[in-house]
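Here are the chains, one letter per residue:
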Amino acid sequence: MEQVPKELNISRLDNVKLTNVIMIEAIEGSGTMQEPCKKIIAFYTLSGKYIGKITF
């Protein structure tokens, strides 16, 4: 297997999966100017502990 470089110049990441986590894709926000809608992906352990969130 080829080694992955430590630094990548990625302009768009379409998909990454790790099977032992819960991944939730959702839309967050009410759609107003003060709270615009944005796509998020949230990650949790299988026991329900929050890991983190990516916001687009």
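A brief look at the structure comes next. Keep in mind that what you see is a predicted model, and the values were worked out from it rather than measured. (Residues numbered from 1 in each chain as written. Predicted model: local features only at pLDDT ≥ 70, side-chain atom pairs only at ≥ 80, totals over all residues. Heavy atoms only, no water.)

Quick look at the overall build of the chain now. When you go through the chain residue by residue, the secondary structure sums to 0 helices and 3 strands. Start at the N end of the chain and walk to the C end: the helices and strands fall as β-β-β. Within the chain, the fraction of its 56 residues that count as buried is 7%. Sequence separation of 24 or more characterises 8% of the internal contacts of the chain that already satisfy a separation of 6 or more. (Helix = DSSP H or I, 4+ residues; strand = E, 2+ residues; numbered from the N terminus. Buried < 20%, exposed > 50% of the residue type's maximum accessible area, 1.4 Å probe, protein only. Contact = heavy atoms within 4.5 Å.)

Glancing now at the sheet that holds strand β1 (residues 22-28). Strand order in the open sheet made by the 3 strands is β1-β2-β3, with antiparallel pairing throughout. Each edge of the open sheet is held by one strand with a lone partner, namely β1 and β3 (50-55). This sheet shows a mean twist of 20 degrees between the axes of neighbouring strands, independent of strand direction. Across 5 bridges, the pairing between strand β2 (residues 38-44) and β3 is antiparallel. Counted as the bridge partner of A42 is K53 from β3. (Pairing = 2+ DSSP bridges. Axes fitted to C-alpha atoms, helices over the stretch in contact; angles between N-to-C directions.)

With that out of the way, let us pick up the packing of aromatic side chains. By the definition in use, this model includes 1 aromatic pair. With a centroid separation of 5.4 Å and 65 degrees between ring planes, the pair formed by Y44 and Y50 is classed as edge-to-face. For Y44, a relative accessible area of 26% gives the class partly exposed. By relative accessible area, Y50 is classed as partly exposed at 44%. Sitting above the plane of the F56 ring, K39 keeps its charged end 5.8 Å from the centroid. (Phe/Tyr/Trp six-rings, centres within 6.5 Å; stacked < 30°, edge-to-face > 60°. Lys NZ or Arg CZ within 6 Å of the ring centre and 35° of its normal.)

Within this structure, the stated rule accounts for 2 salt bridges. Measuring nitrogen to oxygen at the nearest pair gives 3.6 Å for the salt bridge that ties K39 to E25. Here K39, found in strand β2, pairs with E25, found in strand β1; they are 14 residues apart in sequence, far enough to count as distant. Taking relative accessible area as the criterion, E25 reaches 49% and is therefore assigned partly exposed. In this structure, K53 engages E28 in a salt bridge whose closest nitrogen and oxygen atoms are separated by 3.2 Å. Of this pair, K53 sits in strand β3 while E28 sits in strand β1; the two residues are 25 residues apart in sequence, bridging distant segments of the chain. For K53, a relative accessible area of 39% translates into the label partly exposed. What makes E28 partly exposed here is its relative accessible area of 30%. (Salt bridge = Lys/Arg side-chain N within 4 Å of Asp/Glu carboxyl O.)

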